[in-house]
There are 2 protein chains.
Amino acid sequence: MKRPTIKDIATRAGVSKGAVSLALNGRPGVSDATRERVLSVASSLGYRPSSTARALSSASADAVGLVLARPARTLGAESFFFQLIAGIQAELSMALLLQVVDSHEAEIELYRRWWAEHRVDGVFLVDLRVDDPRVPLVESLGLPAVVVGGAGHHGNLTSVWADDAKAMTSVVSYLLSLGHKRIARVAGLPSLLHTARRDAAFQAAAPGGVIVSADYTDERGAAATRELLTGAQRPTAIVYDNDVMAVAGAGVAAELGVAVPAELSIVAFDDSPLCRLIHPPLTALTRDTFAFGARAARALLAVLSGARPTDTEDTTPVLVPRASTAQISS
Amino acid sequence: MKRPTIKDIATRAGVSKGAVSLALNGRPGVSDATRERVLSVASSLGYRPSSTARALSSASADAVGLVLARPARTLGAESFFFQLIAGIQAELSMALLLQVVDSHEAEIELYRRWWAEHRVDGVFLVDLRVDDPRVPLVESLGLPAVVVGGAGHHGNLTSVWADDAKAMTSVVSYLLSLGHKRIARVAGLPSLLHTARRDAAFQAAAPGGVIVSADYTDERGAAATRELLTGAQRPTAIVYDNDVMAVAGAGVAAELGVAVPAELSIVAFDDSPLCRLIHPPLTALTRDTFAFGARAARALLAVLSGARPTDTEDTTPVLVPRASTAQISS
DNA sequence: AGCTAGAGATAAACCGGTTTAGCTACGTTC
DNA sequence: GAACGTAGCTAAACCGGTTTATCTCTAGCT
């Protein structure tokens with residue numbers, strides 16, 4: 001099995017390699033007659049350019065990259081990334097180079113390598129941290145990049161995000177309107193930028209509200225809930241940073257005999273079939289992660305085609321009230 | 001920003017490009033003294049070989065490929081693939097080239113291209129179909145491949161799978177032992193090989209059992225359940241091909257006033273937090289998809305290093321009885 | 001001493017493209 | 001009719017590696 005190369009076309013069409021390259025890429029320098037002939041030979045041979053060779057001579061690599069720096073084991077629980085990837089793929093005809101690493105240093109190193117080796121044309125930056133070192137890195141490398149989900153502005157990079165602060169405010173004011181006074185929050189990884197933003201918005205909207213830190217897993221969500229419900233000032237409402245922790249929390253409440261929503265209201269910051277299908281169904285902030293991924297992909301395509309960096313705000317997650325929240329009874 | 005190349009090392013160390021290549025790859029042809037010198041220069045320069053250039057001269061591409069031929073929109077619901085990918089990544093230090101396509105033809109074409117362009121060293125084949133054309137394709141291309149989850153033997157390819165038939169048999173005999181006579185099955189996509197195998201095993205173990213076809217989504221799972229529960233011969237137990245459909249089915253049962261497990265037993269063929277966290281928790285076949293992915297990765301590494309093809313059977317999914325199944329009451 | 005082996009290194013070809021410099025033939029222009 | 005411009009093409013360099021053919025030198029053997 002050997003695929004035809006540009007050289008085969010050249011000999012078949014009776015022209016030089018260079019002429020074939022010009023003809024195939026629609027660039028001036030060859031006559032229409034020659035171009036015609038080259039194209040017909042190419043298609044008759046079923047020619048496909050090798051993106052490997054092309055990448056080597058400083059053109060496009062025909063791939064974009066995404067590095068995930070999280071423990072691989074915990075990734076399965078987060079459906080967010082997979083939906084994001086699915087959305088990206090729906091919009092992008094290129095392949096996605098994906099690698100999971102276990103440290104931020106390894107992540108940095110990988111961006112360096114991919115760039116040096118022309119393996120990708122651009123990258124997505126996810127899980128943005130406070131003062132994230134990746135931002136200056138890709139900027140200094142000149143590696144096209146889109147910041148995904150890191151609210152706000154990052155250097156000169158294009159950024160696509162949803163307004164976590166506004167979303168958090170809408171949740172808290174909804175709970176306040178139901179009469180809740182003691183509202184708690186079970187937060188995600190503290191190092192992440194959006195966690196910090198949600199924390200701040202939560203504190204501003206619910207002064208004195210307790211924040212417990214967790215890591216998106218059901219174990220930690222359950223533990224945090226237990227801590228909150230058995231503590232001194234038991235909250236009447238808890239906002240969880242994702243769906244898995246919220247559902248786990250609901251389980252702990254049931255186990256402790258705390259009625260939902262009569263004694264405890266629960267809100268999840270991510271929606272999923274999980275929230276809809278359990279009993280009682282959970283009030284949740286819903287957003288279309290798939291569409292979000294598609295938007296991020298479009299943004300990266302724009303950057304690749306040389307567009308000036310932009311900040312795109314995705315639609316703010318919408319609160320969908322379900323049976324897990326209610327007017328405070330006491 | 002320019003990374004050091006092999007040429008830089010050569011001039012710095014005062015040797016030729018070829019000698020540097022030999023030294024770096026630990027091959028004979030250079031003296032220990034020279035090798036030593038080259039290595040120290042390389043590390044002092046922070047040298048990283050370009051896998052793009054390396055791939056061009058018919059060596060390793062330093063990446064493996066995975067193509068998913070499913071509607072991108074439905075992918076988010078299936079946590080299976082993401083856990084699989086996470087497991088693969090845990091074992092593999094290479095990048096994974098991932099692409100989602102919308103037709104089987106496009107998938108075939110992509111494998112062709114990746115191979116022709118040396119973009120990958122090997123591939124995973126998932127979602128195996130009956131008489132899958134990909135098997136003869138990769139065999140004739142000589143593209144190293146591992147068949148993931150396609151029970152049994154496929155040409156001369158290495159294969160990693162779990163015994164779906166045995167698992168299905170264990171589920172049915174468990175239900176039979178509880179006294180169930182009318183058992184139904186809500187199946188996944190009919191074109192997939194493992195669906196066929198589960199169908200066969202189900203038919204053999206529960207002669208006359210009804211099989212309704214669905215597509216793993218909660219909508220279709222709910223619809224199938226509705227059909228079964230409102231039909232003439234209402235089943236006393238339903239086995240669902242995945243967790244999402246099972247949970248959706250439980251919801252429909254509740255809605256129709258069919259008590260679980262008193263009037264209807266439910267078993268899910270995939271376990272997840274979803275099954276554990278709802279009420280009642282669902283009896284499910286549990287398996288470690290992450291570990292399965294890791295095993296598949298090891299299998300591919302073995303193939304890449306020239307090992308003869310093997311068939312590896314993963315541990316059979318284990319039935320975990322929970323509150324959704326019970327002795328038949330009537 | 002003469003011949004052979006083999007170690008150690010180099011130069012050059014090669015992978016499959018892109019890009020640049022240069023060449024040829026033809027048509028304008030003054 | 002000499003100078004110039006330009007369209008159309010070719011040859012060759014280049015990207016960063018690997019691999020092969022070749023060359024030199026030293027050691028070992030008869």
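From a predicted model like this one, the values you see are computed outputs, not experimental measurements.

1. Looking at the overall build of chain A
Assigned secondary structure in chain A consists of 14 helices and 12 strands. Expected size for 330 residues packed as a compact globule is a radius of gyration near 20 Å; at 25 Å, chain A overshoots this value by more than 25%. Along the three orthogonal principal directions, the C-alpha set of chain A runs to about 90 × 35 × 30 Å. A total of 330 residues make up chain A; the buried ones form 51% of that total. Sequence-distant contacts in chain A: of pairs separated by 6 or more residues, those separated by 24 or more amount to 69%.

2. Notes on the pairing of strand 5 (residues 158-161) of chain A
Residues and elements named next belong to chain A. Burial of the side chains of strand 5 extends over both faces: Thr158 and Val160 are buried on one face and Ser159 and Trp161 on the other. Two strands pair when backbone bridges link them, and strand 4 (residues 145-148) and strand 5 are joined in this way by three bridges, in the parallel orientation. Of the residues in strand 5, the one forming a bridge with Val148 is Val160. Examined bridge by bridge, strand 5 and strand 11 (residues 311-313) share three bridges and lie parallel to one another. Each bridged residue has a counterpart across the sheet, and for Trp161 the counterpart in strand 11 is Glu313.

3. As for the protein's contact with DNA strand D
As a matter of local geometry, DNA strand D sits amid 26 residues, with Gly18 and Ala19 of chain A together with Ile6, Gly18 and Ser21 of chain B nearest to it. Contributions of two or more residues to the surface near DNA strand D are made by helix 2 (17-24) of chain A together with helix 2 (17-24) and helix 4 (51-56) of chain B. Sort the elements by how many residues they give to the surface near DNA strand D and helix 2 of chain B lands first, with five residues. Of the residues belonging to the surface near DNA strand D, the class tally is 11 nonpolar, 12 polar and three charged.

4. Points about the sheet that holds strand 1 (residues 63-69) of chain A
The 12 strands lie next to each other as 11(A)-5(A)-4(A)-3(A)-1(A)-2(A)-2(B)-1(B)-3(B)-4(B)-5(B)-11(B), forming an open sheet whose pairing is mixed. In this open sheet, the two edge strands, each paired with only one partner strand, are strand 11 of chain A together with strand 11 (311-313) of chain B. Ignoring strand direction, the axes of neighbouring strands in this sheet form an average angle of 20°.

5. Concerning the interface of chain A and chain B
Contact residues are listed per partner, giving 46 residues for chain A and 46 residues for chain B. Of all the secondary-structure elements, those providing two or more residues to the side of chain A that touches chain B are helix 4 (51-56), helix 5 (72-75), helix 6 (79-91), strand 2 (95-101), helix 7 (104-116), helix 8 (134-141), helix 12 (243-256) and helix 13 (273-277) of chain A. Partitioned by chemical class, the residues of the side of chain A that touches chain B number 26 nonpolar, 13 polar and seven charged. Note: strand 2 of chain A against strand 2 (residues 95-101) of chain B, three bridges, orientation antiparallel. Bridging from a neighbouring strand, Leu98 of chain A pairs with Leu96 of chain B of strand 2 of chain B.

6. Quick notes on the packing of helix 7 (residues 104-116) of chain B against helix 8 (residues 134-141) of chain B
All names here are of chain B. Packing of helix 7 against helix 8 leaves a shortest axis separation of 11 Å and a crossing angle of 15°. Considering their axes alone, helix 7 and helix 8 lie roughly parallel with respect to each other. Read as a crossing pair, helix 7 and helix 8 show a hand that is right-handed. Listed contacts from helix 8 to Ile108, Tyr111 and Trp115 of helix 7 are Arg134, Leu137, Val138 and Leu141. In the contact of helix 7 with helix 8, the residues fall into six nonpolar, no polar and one charged.

7. Observations regarding the sheet that holds strand 6 (residues 183-187) of chain B
Residue and element names in this part refer to chain B. One open sheet holds the six strands; their spatial order is 7-6-8-9-10-12, and the pairing between them is mixed. Of all the strands in the sheet, just strand 7 (210-213) and strand 12 (318-320) have a single pairing partner and so form its edges. The sheet shows a mean angle of 20° between the axes of neighbouring strands, taken without regard to direction. Packing against the sheet, helix 10 (residues 193-205) makes contact with strand 6 and strand 7, and its axis sits at approximately 175° to strand 6.

8. Comments concerning the packing of helix 6 of chain A against helix 14 (residues 289-304) of chain A
Residue and element names in this part refer to chain A. Following both chains from N to C, one finds helix 6 and helix 14 inclined at 50°, their axes separated by 7 Å at the closest point. Taken together, the axes of helix 6 and helix 14 are oblique relative to one another. Both helix 6 and helix 14 take part in a crossing whose hand is right-handed. Together, Phe80, Gln83, Leu84, Ile85, Ala86, Gly87, Ile88, Ala90 and Glu91 of helix 6 and Thr289, Phe290, Ala291, Phe292, Gly293, Ala294, Ala296, Ala297 and Arg298 of helix 14 make up the contact between the two elements. Looking at the contact of helix 6 with helix 14 residue by residue, the classes come out as 12 nonpolar, four polar and two charged.

9. Points about the domain arrangement of chain A
Taken domain by domain, chain A consists of domain 1 (6-49), domain 2 (63-162 + 289-316) and domain 3 (164-287). Centre-to-centre separation of domain 1 of chain A and domain 3 of chain A, based on C-alpha positions: 62 Å.

10. A closer look at the relation of the copies chain A and chain B
Superposing chain A onto chain B takes a rotation of 180° plus a shift of 0.1 Å along the axis, which leaves an RMSD of 0.2 Å. Expressed as an axis order, the relation between the two copies is that of a two-fold axis. The overlap is high: 100% of the interface residues of chain A also sit at the interface in chain B, so the same surface is used on both sides.

11. Things to note about the environment of Ser58 of chain B
Residue and element names in this part refer to chain B. Note on placement: Ser58 falls in the loop between helix 4 and strand 1 (63-69). Under the C-beta neighbour-count criterion, Ser58 is labelled exposed, with 8 such atoms within 10 Å. Separated by 60 residues in the primary sequence, Ser58 and His118 place their C-alpha atoms 7.5 Å from one another.

12. Comments concerning unusual backbone geometry
With the exception of glycine, the majority of residues adopt a negative phi angle, and the majority of peptide bonds are in the trans configuration. Following Val260 of chain A, the chain continues into Pro261 of chain A via a peptide bond in cis, with omega recorded as 10°. Counting through the fold element by element, Pro261 of chain A comes out in the loop between helix 12 and strand 9 (265-268). Of note in the backbone geometry, Asp131 of chain A takes a positive phi value of approximately 50° without being a glycine. In this fold, Asp131 of chain A is placed in the loop between strand 3 (122-125) and helix 8. Among the residues examined, Asp131 of chain A registers 8 C-beta atoms within 10 Å and is labelled exposed. If you check the backbone angles, Asp62 of chain B has positive phi at about 60° while not being a glycine. In this structure, Asp62 of chain B sits in the loop between helix 4 and strand 1. Using a count of 20 C-beta atoms within 10 Å as the deciding quantity, one classes Asp62 of chain B as buried.

Rules used in this analysis
- Residues numbered from 1 in each chain as written.
- Chains lettered and ligands numbered in written order.
- Predicted model: local features only at pLDDT ≥ 70, side-chain atom pairs only at ≥ 80, totals over all residues.
- Helix = DSSP H or I, 4+ residues; strand = E, 2+ residues; numbered from the N terminus.
- Rg over C-alpha atoms; globule rule 2.2 N^0.38 Å.
- Buried ≥ 20, exposed ≤ 12 C-beta atoms within 10 Å, placed from the backbone.
- Contact = placed C-beta atoms within 7 Å.
- Pairing = 2+ DSSP bridges.
- Near = placed C-beta within 6 Å.
- Nonpolar A, V, L, I, M, F, W, Y, C, P; charged D, E, K, R; others polar.
- Axes fitted to C-alpha atoms, helices over the stretch in contact; angles between N-to-C directions.
- Parallel < 35°, antiparallel > 145°, perpendicular 65-115°, else oblique.
- Left-handed = near helix turned anticlockwise from the far one by under 90°.
- Domains from an automatic or database assignment.
- Least-squares fit on C-alpha atoms with pLDDT ≥ 70 in both.

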